[in-house]
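Breakdown of the fold
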Amino acid sequence: METVLRGLAIYIVLLLIVRLSGRRTLAQMTPFDLVLLLIVAETTQQALLGDDFSIANAVLLIVTLFGIDIAFSHLKTRHAGLGLLIDGTPTVLVSHGKPNEHALKRARMSVDDILEAARVQQGLERLEQVKYAVLEISGEISIVPRD
Amino acid sequence: MPEGLQLDENRRFQERFWQAERWAWGFFALIVMAGLLGLTGAGGPFARSQASAGASQIDYPRVARWQAADRITISFAPHAATERKLLLSRRFRELISLQDAQPHPVRWESTAAGEELTFLVRPNEAASATLRIKPEAAGMIESIVSVDGIAANTVILVLP
């Protein structure tokens, strides 16, 4: 029972912290983000397993985590509000070449981030060539070029 | 939704969520501050508490962590007796496991009142003993620790 409760508690806590830390954290994997990810993974491993390193415990924990994930994905499809809360909503950062400064600031993004995504995805050179830049729920910036 | 872009953008929700994020960051900062102050256990100015059992002192964690090792230090006041008794109440023993005691007690007895440890000390000299403990349950653990028959209340908050 303890293993299942540990898995559930850590899953929910991690979900909350990652979600509330903002999508900026997910958008660009900088060296700092990689270090953070590794440390968090190591820290949660201890909290998840405790002193029990048996295969039975590991299997139970893995099944629990997958189970929670499946349950959440089902709940999200049935309840749109929950999906919105867990995954968020796409945010338009640039519309017709004009950056939305308020949205950029709140999302902790800069025009440089948009330009980087525009270069990488579409080979664009200037902001005016961007029709739309959208911060997707995955944390990535998608670029729609002007015709 | 911008014209021509088929996108299910809920800006009103996003604005509220951005605000919630800022509140959450404040809460994160509070958690870090609480950790630095010792309010989450494992060191810090407020991590430990003291209780008096007569002239003897009991230094114990105010905040401990579930299944994490911690310690209780008993400072025996000078006394003519060579044997000093420490009694841990039944409730204490039910919720906190005793891993070790230094110095080793000459007797370690289980009684109806709880676990009694007898330490051999030099008469009329101050002495101390350290117990290594591990909380087995989370929550507020109120228990009684007695030194030479004088009881002291201890309250330990065990975080999960």
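Because the structure is a prediction, the values reported are computed rather than measured.

1. Some words on the overall build of chain A
The secondary structure content of chain A amounts to seven helices and four strands. Whereas a compact globule of 147 residues would reach a radius of gyration of roughly 15 Å, chain A reaches 19 Å, over 25% beyond that. C-alpha extents for chain A along the principal axes are approximately 55 × 35 × 25 Å. When burial is assessed residue by residue, chain A has 16% of its 147 residues classed as buried.

2. What to know about the overall build of chain B
Along chain B, the regular secondary structure elements total two helices and eleven strands. Written out in order from the N terminus, the α and β elements of chain B read α-β-β-β-β-β-α-β-β-β-β-β-β. For 160 residues, the compact-globule estimate of 2.2 N^0.38 gives 15 Å, and the C-alpha radius of gyration of chain B, at 24 Å, exceeds that figure by more than 25%. Each principal axis of the C-alpha atoms in chain B carries an extent, and together these give about 90 × 30 × 20 Å. Relative to its 160 residues, chain B shows a buried fraction of 21%. In chain B, of all internal contacts separated by at least 6 residues, the share reaching a separation of at least 24 is 59%.

3. Let's talk about the packing of helix α1 (residues 2-20) of chain A against helix α3 (residues 31-49) of chain A
Residues and elements named next belong to chain A. At a minimum axis distance of 8 Å, the contact between α1 and α3 shows a crossing angle of 150°. Classified by the interaxial angle, the pair formed by α1 and α3 is roughly antiparallel. The handedness of the crossing between α1 and α3 is right-handed. Residues Arg6, Gly7, Ile10 and Leu14 of α1 form the contact with α3, whose own contacting residues are Thr44, Ala47 and Leu48. Residues that form the contact of α1 with α3 fall into these classes: four nonpolar, two polar and one charged.

4. What about helix α1 (residues 11-37) of chain B?
Across its 27 residues, α1 of chain B extends 39 Å between first and last C-alpha, which sits within 8% of the 39 Å expected from 1.5 Å per residue. Gly38 of chain B occupies a position one or two residues after α1 of chain B and carries a positive phi of about 90°.

5. A word on the interface of chain A and chain B
In this complex, chain A contributes 14 residues to the contact, which on the side of chain B involves 14 residues. Put simply, the parts of the chain that give the side of chain A that touches chain B at least two residues each are β1 (91-95) and β3 (130-135) of chain A. For the side of chain A that touches chain B, the leading source of residues is β1 of chain A, giving three residues. Split by residue class, the side of chain A that touches chain B holds seven nonpolar, six polar and one charged.

6. A few points about the confidence of the model for chain B
Put simply, chain B has an average pLDDT of 88, and 98% of its residues get 70 or more. For this predicted complex, the interface score ipTM comes out at 0.73, alongside a pTM of 0.74.

7. Here we look at the pairing of strand β10 (residues 139-147) of chain B
Residues and elements named next belong to chain B. Taken together, the three bridges between strand β5 (residues 83-89) and β10 define a ladder with antiparallel strand orientation. Along β10, the bridge assignment pairs Leu87 with Ser146. Linking β10 back to strand β11 (residues 150-159) in an antiparallel pair, the connection comprises two residues, with Asp148 at a positive phi of about 50°.

8. Here we look at the sheet that holds strand β9 (residues 127-135) of chain B
Residues and elements named next belong to chain B. Taken together, five strands build an open sheet; the order of strands is β1-β2-β4-β9-β6 and the sheet is antiparallel. Of all strands in the sheet, those bounded by a partner on one side alone are β1 (48-53) and β6 (96-102). Neighbour-to-neighbour, the strand axes of the sheet open up by a mean angle of 20°, direction not taken into account. As paired strands, strand β4 (residues 70-76) and β9 are joined by seven bridges and run antiparallel to one another. If you follow Ile72 over to β9, its bridge partner there is Leu131.

9. Concerning the sheet that holds β3 of chain A
Residues and elements named next belong to chain A. Ordered in space as β2-β1-β3-β4, the four strands form an open sheet in which the pairing is antiparallel. The sheet is open, and its two edges are formed by β2 (98-99) and β4 (141-145), each paired on a single side. In the packing of helix α7 (residues 111-122) onto the sheet, contacts are made with β1, β2, β3 and β4, and the angle to β4 comes to roughly 65°.

10. Concerning the packing of helix α4 (residues 55-78) of chain A against helix α5 (residues 80-87) of chain A
Residue and element names in this part refer to chain A. Packing of α4 against α5 leaves a shortest axis separation of 5 Å and a crossing angle of 125°. Here α5 runs oblique to α4, going by the angle between their axes. For the element pair α4 and α5, the recorded crossing hand is left-handed. Taken together, the residues of α5 that come into contact with α4 (itself represented by Phe72, Leu75 and Lys76) are Leu82, Gly83, Ile86 and Asp87. Class assignment for the residues of the contact of α4 with α5 results in four nonpolar, one polar and two charged.

Scoring rules and cut-offs
Residues numbered from 1 in each chain as written. Chains lettered and ligands numbered in written order. Predicted model: local features only at pLDDT ≥ 70, side-chain atom pairs only at ≥ 80, totals over all residues. Helix = DSSP H or I, 4+ residues; strand = E, 2+ residues; numbered from the N terminus. Rg over C-alpha atoms; globule rule 2.2 N^0.38 Å. Buried ≥ 20, exposed ≤ 12 C-beta atoms within 10 Å, placed from the backbone. Contact = placed C-beta atoms within 7 Å. Axes fitted to C-alpha atoms, helices over the stretch in contact; angles between N-to-C directions. Parallel < 35°, antiparallel > 145°, perpendicular 65-115°, else oblique. Left-handed = near helix turned anticlockwise from the far one by under 90°. Nonpolar A, V, L, I, M, F, W, Y, C, P; charged D, E, K, R; others polar. Expected span 1.5 Å × (residues − 1). pLDDT = per-residue confidence, 0-100. Pairing = 2+ DSSP bridges.

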